Amino acid sequence: MRVISGMRPTGKLHLGHYFGVIKNWINLQENHETLFFIADWHALTTAYKKTSELKENIREVMLDWIALGLDPKKSLLFIQSRVKEHAELFLLFSMITPKSWLEWNPSYKDMKYNLLRIQDLEIQFKGGIRDLIKELTSRLPYKVEDFEALEDMILDELSQSLVRAVFEGYMESHILKELNVSKRDFYDTDTYGFLGYPVLQAADILIYKANAVPVGEDQLPHIELTREIARRFNYLYGDTFPEPQAMLTQTPKLVGIDGRKMSKSYNNAIYFADTKEEVEQKVMRFFTDPQKLRKGDPGRPEICPVFMYHKLFTQDEKVLQIEKDCKSGKLGCVECKKIMFEGLERFLEPIRERRESLKQDIKHLEELFEEGSKKARQIAIKTLEEVEKKMNLR
Ligand code: SF4
């Protein structure tokens, strides 16, 4: 089975990347034909105004991938923009992809939504419409003045999705008004490239005739779109592409030092490039059970991020004891964090060392990816030739 996946080069990788993505990739490369690429063109869909760090970011991803255990002997590791055929297939696919498929793609809408910094909004539609609106408005960082007008817009019998759509539309215009900017100024992402990036993704996958793509649940609509494009192409020009399957991976959501999802933008991440001292400082700043103010107070490990890390990095036999001692109050948070730091360092230290040694010969590292890109290109050229013949371009 041929498996493909990519990652945008947004900078140094952190623990969240490892547990959410890379760990799974490392397992996959043992039993499958795997292709992993640095999606530098995709980085431009949202960050096209700021490319000064792009080269450096690509280098950081290369360093982290290899240091973490992706092996160029087992996986084809390459850089998207080195394989120009992705762009050509993207162009050909864009000829056959209805615009509405992209505009209604939930990920596209979601991403725009995320950029409005309201991604934490999860609607629990349990009560009536009024409860829903109340719940939503209570999460806004400001008061919604014309709340009643909004209520009037929504009728009780409307479906949840329609309510969402109405509400999102309302919030969008409301936020733009608050920020006193026009829609065009605010939406850096209101570009052709951003709208069309799922088509580029389809080209990334189908040019290798991949059978499977490891994804999280939020990426499922993209894979479905890729499958639809493959079906449409096959229908129009004859059987060419397999329909790739989504390989759903259940990964633990790793929280950052403040208890929220680990993310560069929250400034709460632990990076593989961090020094031992930096990691220690971050661990000591970790969010804990707010009810446990001092040693002696009983704690709740089940809600404590530090304990989540113990389960990942501390030896099993110690974890049970830590749980017990936290609950009884015998263990203080400072001591608890010190133990967690030891386990975390056991994991991070060899990665850091590999990273440092790779850094000594960046040229060699870059050559590995150039070599991978050449190999990937050989496959891509073959597919594109077939596509062009089917479309009577050759
Ligand atoms: S003792 Fe450890 S597990 Fe318990 S609240 Fe403190 S840091 Fe969390």
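Residues numbered from 1 in each chain as written. Predicted model: local features only at pLDDT ≥ 70, side-chain atom pairs only at ≥ 80, totals over all residues. Heavy atoms only, no water.

Student: Just to check I follow, could you spell out the packing of aromatic side chains for this structure?
Tutor: By convention here, two paired aromatic rings are described through the distance between centres and the angle between planes. What the rule picks out here adds up to 18 aromatic pairs. Between the aromatic rings of phenylalanine 233 and phenylalanine 241, the centroid separation amounts to 5.2 Å while the plane-to-plane angle is 70°, which identifies the pairing as edge-to-face. Note on phenylalanine 233: relative accessible area 1%, which makes it buried. Through pairs of rings, three or more aromatic residues link up here, namely Tyr18, Phe19, Phe272, Phe286, Tyr309, Phe313 and Phe347. Taking NZ or CZ as reference, arginine 8 lies 5.5 Å from the ring centre of tyrosine 197, over its face. (Phe/Tyr/Trp six-rings, centres within 6.5 Å; stacked < 30°, edge-to-face > 60°. Buried < 20%, exposed > 50% of the residue type's maximum accessible area, 1.4 Å probe, protein only. Lys NZ or Arg CZ within 6 Å of the ring centre and 35° of its normal.)

Student: What's the story with the side chain of asparagine 234 in this structure? I'm lost.
Tutor: Within the secondary structure, asparagine 234 is located in helix H12 (residues 220-237). Here asparagine 234 falls in the buried class, since its relative accessible area comes to 13%. A polar contact is formed between the side chain of asparagine 234 and the backbone oxygen of phenylalanine 241, at a distance of 2.8 Å. Beyond its immediate chain neighbours, meaning those up to four positions away, asparagine 234 contacts Asp239, Thr240 and Phe241. (Helix = DSSP H or I, 4+ residues; strand = E, 2+ residues; numbered from the N terminus. Polar contact = N/O pair within 3.5 Å; in protein donor to acceptor, adjacent residues only side chain to side chain. Contact = heavy atoms within 4.5 Å.)

Student: In this structure, what is going on with the UniProt feature "short sequence motif: 'HIGH' region" (unreviewed entry) in the chain? I would like to understand it.
Tutor: As recorded in UniProt, the sites labelled "short sequence motif: 'HIGH' region" (unreviewed entry) are residues 9-17. For the annotated span residues 9-17, helix accounts for 33% and strand for 0% of the residues, and the straight-line distance between the end C-alpha atoms is 12 Å. (UniProt positions renumbered as here; feature names shortened; annotations may be inferred.)

Student: Can you help me understand the site of the ligand in this one?
Tutor: All residues in the neighbourhood of the ligand are listed as Thr288, Asp289, Lys292, Cys304, Val306, Phe307, Cys326, Leu331, Cys333 and Cys336. Elements supplying a minimum of two residues to the shell around the ligand: helix H14 (305-313) and helix H16 (333-359). Across the shell around the ligand, the residue classes break down as 7 nonpolar, 1 polar and 2 charged. (Near = heavy atom within 4 Å. Nonpolar A, V, L, I, M, F, W, Y, C, P; charged D, E, K, R; others polar.)

Student: I'm lost on the packing of helix H4 (residues 85-96) against helix H11 (residues 192-206) in this one. Help?
Tutor: When two helices pack together, their arrangement is given by the angle between the helix axes and by the axis-to-axis distance. It is at 8 Å that the axes of H4 and H11 come closest, and there the two elements cross at 115°. Overall, the two elements H4 and H11 adopt an arrangement that is roughly perpendicular. Classified by chirality, the crossing of H11 by H4 is right-handed. In contact with His86, Leu89, Phe90, Phe93 and Ser94 of H4, H11 contributes Tyr192, Gly196, Val199, Leu200, Ala202, Ala203, Asp204 and Leu206. (Axes fitted to C-alpha atoms, helices over the stretch in contact; angles between N-to-C directions. Parallel < 35°, antiparallel > 145°, perpendicular 65-115°, else oblique. Left-handed = near helix turned anticlockwise from the far one by under 90°.)

Student: Mind showing me how you'd approach H16 here?
Tutor: Every α-helix winds through 3.6 residues per turn, so residues three or four apart in the chain are directed the same way. The terminal C-alpha atoms of H16 lie 36 Å apart, and with 27 residues this matches the ideal 39 Å at 1.5 Å per residue to within 8%. In the structure, H16 departs most strongly from a straight axis at arginine 346, where the bend amounts to approximately 30° and where the proline proline 350 lies between one and four residues downstream. (Expected span 1.5 Å × (residues − 1). Bend = angle between axes of the 7 residues up to and from the residue.)

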